[in-house]
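# Overview (structure and organization)
If you want the building blocks of each chain, they are given just below.
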Amino acid sequence: MSRTLPVNKNDYIDVVFKDLTHDGAGVAKVDGYPLFVAGGLPGEQAKVKVIKVNKSYGIGRLIEIQEKSPYRVDIPSNERTKYGGCQLEHISYEGQLKYKENQVRQVLTRIGKLEDVIVHPIIGMDNPWNYRNKAQVPVGVKDGRLIAGFFKPRSHEIVDTDESLIQLPEVNQAVQVVKEICNELEIPAYNEESHKGILRHIMARYGKQTGELMVVLITRTTDLPHRKELVDKVIERLPKVKSIVHNVNSKRTNVILGEKTTVLWGNEVIYDFIGDVKFAISALSFYQVNPVQTKVLYEKALEYANLTGDESVIDAYCGIGTISLFLAQKAKKVFGVEVVPEAIEDARRNAELNGMTNVEFAVGEAEVVIPRWYKEGNAADVLVVDPPRKGCDETLLKTITDMKPKKVVYVSCNPATLARDLRILEDGGYKTLEVQPVDMFPHTTHVECVAQLILKPD
Ligand code: SAH
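The shown structure was predicted, so the numbers you read here are calculated from the model rather than taken from an experiment. (Residues numbered from 1 in each chain as written. Predicted model: local features only at pLDDT ≥ 70, side-chain atom pairs only at ≥ 80, totals over all residues. Heavy atoms only, no water.)

## Description of the domain arrangement of the protein chain
Split by domain assignment, the protein chain resolves into domain 1 (12-67), domain 2 (98-126 + 290-455) and domain 3 (134-274). The C-alpha-based centres of domain 1 and domain 2 are spaced at 36 Å. Each partner contributes residues to the interface: domain 1 has six residues there, and domain 2 has four residues. Each partner contributes to the roughly 350 Å² buried at the junction of domain 1 and domain 2, and carbon and sulfur atoms together form 49% of this total. Of all residues in domain 1, Asp 19, Leu 20 and His 22 bury the most surface against domain 2, accounting for 78% of the area lost on that side. (Domains from an automatic or database assignment. Contact = heavy atoms within 4.5 Å. Buried area = accessible area lost by both parts, 1.4 Å probe.)

Now the structure itself:
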């Protein structure tokens, strides 16, 4: 016999939200049974409709807010499109920062069982708008016109958008102008269902420090109609453009970029700086999207590494070498490891671009390459990790606790896996001294952290 649940599907009930989930939904408890409701904020009292019941939790829809949170902001409906992709759009920036900081504190205690670690107040942005240096916008058709914008949540319907409040104005302008030009030239939009049509996505990237713009047209077909006119018009109307690239993705897939890229005009890359380090960014390169906060994050990582110039440093999950090159400014030698070969090519090119000779990069899984280095007798004094959301592989954590670098700096985009991994490192002889949350993605649920660990004396 299954236990009877305190709510039934289609019930209308009054609740008080106590918390937010990691993806920003309100959490209310009905006799201990959690109900998740998108849009609900802690402290608010509301009427909700139960739309789904599972054994251990239910989902509700917000019907009416009876008592509002002081952190709630109301967005006029004609402004909605400007907020595409912002899950926390209904929370003031002050409220968002508070929520993210709390989330970090909570998981470090609950999952990491870390009681006496210093968690600093989150570093937010002075101006949390217009920060993204990149847009990849899906293209569709509405009323015979080519439209481009964002997908409605949980749907494949495209909402036409001319301005996104979280993108840099240069990026917004580039997308808008390219959309206009493609309409003038009557370039057919791609249709996901029939897998016909041509233009799938418009992508724009902007080097905030250099003022260089890249435009990428992603098509299903190798043929791009009116290519010459298109290029001429883009150059004329977007004077900052330094690179126009054509990428072909002929597959039925949600992945945006295909493998084949040709330069239609200008350079293959644009350049940008983070601090004093220069980066070449190609259409396919990974590059952090918030340049202002990236600098804050990397400076914190560098501060936590506390380098004197004598250290040998390993940067695991190094991507295009951004953190490695930052560290190389202060270290004797830096070894970067990354699984994507193209990223390592970028990393090597970037090292050369900056005249840095004290960095070496290797392609491979961190949990394979670093144990091998260790076996060969190459141990690091300082180890930096910046893994994807799932956190570090256990083999890597084990190698760290065997290798015993004096310091570990953990850069994380997922507080839950950070907390889990810090616990493993603590049990293996490390002490977490400080954690600094940084808001890299205002108005979204993402939160980034840097943690500093030291090897405990025996
Ligand atoms: N430190 C970089 C990139 C961090 S993103 C920066 O700040 O720009 C995480 C990176 O880890 C990605 O580039 C991803 O390709 C890489 N990665 C994922 N799994 C990996 C593994 N097992 N070993 C090494 N790198 C991995």
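Back to the text.
## Overview of helix α2 (residues 169-184)
Helix length check: α2, at 16 residues, gives a terminal C-alpha distance of 22 Å against a target of 22 Å (1.5 Å per residue), a fit within 8%. Within the span of α2, buried status applies to Val 171, Asn 172, Ala 174, Val 175, Val 177, Val 178, Lys 179, Ile 181, Cys 182 and Asn 183. Where α2 is buried, its residues meet β7 (134-142), β8 (145-151), β9 (158-160), β10 (199-207), β11 (212-219) and α3 (227-237). (Helix = DSSP H or I, 4+ residues; strand = E, 2+ residues; numbered from the N terminus. Expected span 1.5 Å × (residues − 1). Buried < 20%, exposed > 50% of the residue type's maximum accessible area, 1.4 Å probe, protein only.)

## Comments concerning the packing of helix α1 (residues 93-110) against helix α9 (residues 415-427)
Each pair of packed helices can be described by the angle between their axes along with the distance between the axes. At their nearest, the axes of α1 and α9 sit 8 Å apart, and the two run at 35° to each other. The interaxial crossing formed by α1 with α9 has right-handed handedness. In this structure, α1 uses Gln 103, Val 104, Val 107 and Leu 108 to contact α9, whose residues at the interface are Pro 415, Ala 416, Ala 419 and Leu 422. (Axes fitted to C-alpha atoms, helices over the stretch in contact; angles between N-to-C directions. Left-handed = near helix turned anticlockwise from the far one by under 90°.)

## Let's talk about unusual backbone geometry
Phi at Asn 10 is positive, roughly 75°, even though this residue is not glycine. With respect to the element layout, Asn 10 can be found in the segment before β1 (12-20). By relative accessible area, which is 45% here, Asn 10 ends up partly exposed. Notably, Lys 113 is not glycine yet its phi reads approximately 50°, a positive angle. If you trace the backbone, Lys 113 turns up in the loop between α1 and β6 (118-119).

## Some remarks on the sheet that holds β7
Spatial strand order, β9-β8-β7-β10-β11-β12-β13: seven strands in an open sheet with mixed pairing. Strands with a single pairing partner mark the edges of an open sheet, and in this sheet they are β9 and β13 (260-266). Between one strand and the next, the sheet's axes are offset by a mean angle of 35°, whatever the strand orientation. Contacts from α2 reach β7, β8, β9, β10 and β11, with the element oriented near 145° to β10. Strand contacts of α3: β11, β12 (241-248) and β13, with the helix running at about 150° to β12, the strand carrying the most contacts. (Pairing = 2+ DSSP bridges.)

## Details of the pairing of β12
Taken across its eight residues, β12 has seven buried, putting it largely inside the fold. Pairing analysis gives seven bridges linking β11 to β12, with the strands arranged parallel. Pairing of Met 214 across the sheet is with Ser 243, part of β12. Between the parallel pair β11 and β12, the chain is carried across by α3, and the sense of this crossover is right-handed. Pairing between β12 and β13: six bridges, direction antiparallel. When the bridges of β13 are listed, Ile 244 appears paired with Trp 265. (Right-handed = clockwise from strand over helix to strand, strands pointing away.)

## Describing helix α7 (residues 366-375)
Those residues of α7 that sit buried are Ala 366, Glu 367, Val 369, Ile 370 and Trp 373. Its buried side turned inward, α7 meets β16 (312-316), β17 (333-338), β18 (359-363) and α8 (394-403).

## Focus: the packing of aromatic side chains
According to the stated counting rule, one finds five aromatic pairs in the structure shown. Their ring planes at 40° and their centres at 5.4 Å tell us that Phe 36 and Tyr 57 sit as a pair that is tilted. Of this pair, Phe 36 sits in strand β3 (residues 33-37) while Tyr 57 sits in the loop between β4 (45-53) and β5 (58-67), and the two are 21 residues apart along the sequence. When its relative accessible area of 25% is taken as the criterion, Phe 36 is described as partly exposed. Centre to centre, the rings of Tyr 83 and Trp 129 are 6.0 Å apart; their planes meet at 85°, and the pair counts as edge-to-face. Within this pair, whereas Tyr 83 is found in the loop between β5 and α1, its partner Trp 129 is found in the loop between β6 and β7, the two being separated by 46 residues in sequence. Classification of Tyr 83 as buried rests on a relative accessible area of 14%. (Phe/Tyr/Trp six-rings, centres within 6.5 Å; stacked < 30°, edge-to-face > 60°.)

## A few points about the sheet that holds β1
Pairing is mixed in the closed barrel, where five strands are placed in the order β1-β2-β3-β5-β4. Between one strand axis and the next, the sheet turns by 50° as a mean value, whatever way the strands run.

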